[in-house]
Amino acid sequence: MVTPMTSDGAIDYAGAAKLARYLVGEMRNDGLVISGTTGESPTTTDAEKDRLLRTVIEAVGDQATIVAGVGTNDTAHTCELARQAEAAGAAALLVVTPYYNKPPQNGLVAHFRAAADATGLPVLLYDIPGRTATPIATESLLQLAEHPRIVAVKDAKDDPAAASLVMASTRLAYYCGTDMLNLPWLAIGAVGLVSVAGHVAGDRLHEMIDAYAAGDVTGALQIHRDLLAVYTGLFRSQGVIMTKAALGLLGLPGGPVRGPLADATPAQVEQLRTDLVAGGVKLP
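Figured I'd write up the structure that's included with this text. Nothing here was measured: the structure is a model prediction, and the numbers come from that model.

Next up on the list: the side chain of Lys244. Summarising the element assignment, Lys244 is placed in helix α12 (residues 239-249). Separated by 3.4 Å, the side chain of Lys244 and the backbone oxygen of Gly254 make a polar contact. The residues contacting Lys244, other than those within four sequence positions of it, are Val2, Thr3, Met5, Glu40, Gly254, Gly255, Pro256 and Val257.

Structure, rendered in structure tokens:
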């Protein structure tokens, strides 16, 4: 979930509660990730993360699984955020590969194990080498699967062979983290999605999963193809930027981005409007 902000860059907590209710109630998302990178976690403070998480749990915690993004490139800080999230009432943790540092694989394993040892909460590993510069190798995932609280992977490595091997060899549940690959990843064994497009097309994604699970592959494929324009539109520029622009078109809380990102240009917004309409998103 993006983190709604006011015009001066402060977090819009009331807007976050409203958006969370929309994403769960109208968009049919079974869970929300709070303070992931789409939530601008690198530019929010620990105190802001804590209040935001508590706000969303209060708003929809009895209706959806609330996952706290706690990953950083500092193991001690990650563990601190994990304990903070547990105290706030999070149901699970999302821990991204340490970025920039480019640790060796034994360092990755030690980092993730430390994060999992910090609380009693289940952990989803976030494998996204395009942003972190370091993939979680198959052998590392096999080792990490032995930890009782490391239960799932948000996969944005986009390597179907590697994902298939891990799914076939472990109990780790896979969630697709690249929207364009949502349906293909279901076909190789993923159990669901952690989706940016879920902000504006969560209901259709839910229908796609239901159709595939029921054996209606043709129906699932049609929904996948219908949503290609939405996937394209949300990633014509940086994902947070375009998602907040999309929420603005829908009249929902989003606001500006914080830090080094720049808001969508008028031309980008108009192209996004065309993409969303082409993908079946109903705009006001």
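Within the largest apolar cluster, 84 residues are counted, with the highest numbers of intra-cluster contacts made by Met1, Leu32, Leu53, Ile66, Leu93, Tyr174 and Val200. Residue contacts for Leu32: discarding those within four places in its chain leaves Met1, Ala20, Leu23, Val24, Val56, Val60, Thr65, Ile66 and Val67. Val67, Ala92, Leu124 and Ala156 belong to the second-largest nonpolar core, a separate cluster that totals eleven residues.

What the rule picks out here adds up to ten salt bridges. Of the charged contacts, one joins Glu207 and Arg204 as a salt bridge, the two residues approaching to 2.4 Å between their closest N and O atoms. Here the residue Glu207 and the residue Arg204 both occupy positions in helix α9 (residues 198-213), the gap between them amounting to three residues, near one helical turn. With relative accessibility at 33%, the residue Glu207 sits in the partly exposed group. We classify Arg204 as partly exposed; its relative accessible area is 26%.

Relative orientation of the contacting elements α12 and helix α13 (residues 266-278) amounts to 70°, with a least axis distance of 10 Å. Between α12 and α13, the angle is such that the two are roughly perpendicular. Of the residues in α13, those in contact with Met242, Ala245, Ala246 and Leu249 of α12 are Gln268, Val269, Leu272, Arg273 and Leu276. Here the contact of α12 with α13 is built from residues that sort into seven nonpolar, one polar and one charged.

A few words on the side chain of Asn29. As for its placement among the helices and strands, Asn29 is situated in the loop between α1 (13-25) and β1 (31-34). In this structure Asn29 comes out as buried when scored by relative accessible area, which is 19%. In this structure the side chain of Asn29 is engaged in a polar contact, spanning 3.2 Å, whose partner is the backbone oxygen of Gly198. The contact partners of Asn29, leaving out residues within four places of it in the chain, are Leu23, Val24, Ala64, Gly198 and Gly202.

A few words on the packing of α1 against helix α2 (residues 46-60). As a packed pair, α1 and α2 sit with axes 9 Å apart at the nearest point and diverge in direction by 45°. Classified by the angle their axes make, α1 and α2 are oblique. The way α1 lies across α2 gives a crossing that is right-handed. Counted together, Tyr13, Ala16, Ala17, Ala20, Arg21 and Val24 of α1 and Glu48, Arg51, Leu52, Thr55, Val56, Ala59 and Val60 of α2 form the full contact between these two elements.

The next thing to look at is unusual backbone geometry. Positive phi values are uncommon outside glycine, yet Glu40 reaches one of about 60°. By secondary structure assignment, the location of Glu40 is in the loop between β1 and α2. Residues other than glycine seldom take positive phi values, yet Tyr100 does so here, at roughly 70°. On the basis of relative accessibility, which here comes to 73%, the residue Tyr100 falls in the exposed class.

This part covers helix α7 (residues 160-169). Buried within α7 we find Ala162, Ala163, Val166 and Met167. Looking straight down α7, one finds its buried side chains confined to an arc of 130°; they lie on one side. In this structure, α7 carries Leu165, Ala168 and Ser169 as exposed residues pointing more than 90 degrees from its buried face. Structurally, α7 contributes buried residues whose contacts are with α6 (138-144), β5 (150-155), β6 (173-176) and α8 (182-187). Backbone nitrogen of Ala161 and a side-chain oxygen of the N-cap are separated by 3.2 Å at the start of α7; the cap is Asp159.

What counts and what doesn't
Residues numbered from 1 in each chain as written. Predicted model: local features only at pLDDT ≥ 70, side-chain atom pairs only at ≥ 80, totals over all residues. Heavy atoms only, no water. Helix = DSSP H or I, 4+ residues; strand = E, 2+ residues; numbered from the N terminus. Polar contact = N/O pair within 3.5 Å; in protein donor to acceptor, adjacent residues only side chain to side chain. Contact = heavy atoms within 4.5 Å. Core = buried A, V, L, I, M, F, W, Y, C linked by side-chain atoms within 4.5 Å. Buried < 20%, exposed > 50% of the residue type's maximum accessible area, 1.4 Å probe, protein only. Salt bridge = Lys/Arg side-chain N within 4 Å of Asp/Glu carboxyl O. Axes fitted to C-alpha atoms, helices over the stretch in contact; angles between N-to-C directions. Parallel < 35°, antiparallel > 145°, perpendicular 65-115°, else oblique. Nonpolar A, V, L, I, M, F, W, Y, C, P; charged D, E, K, R; others polar. Left-handed = near helix turned anticlockwise from the far one by under 90°. Arc of directions from axis to C-beta.

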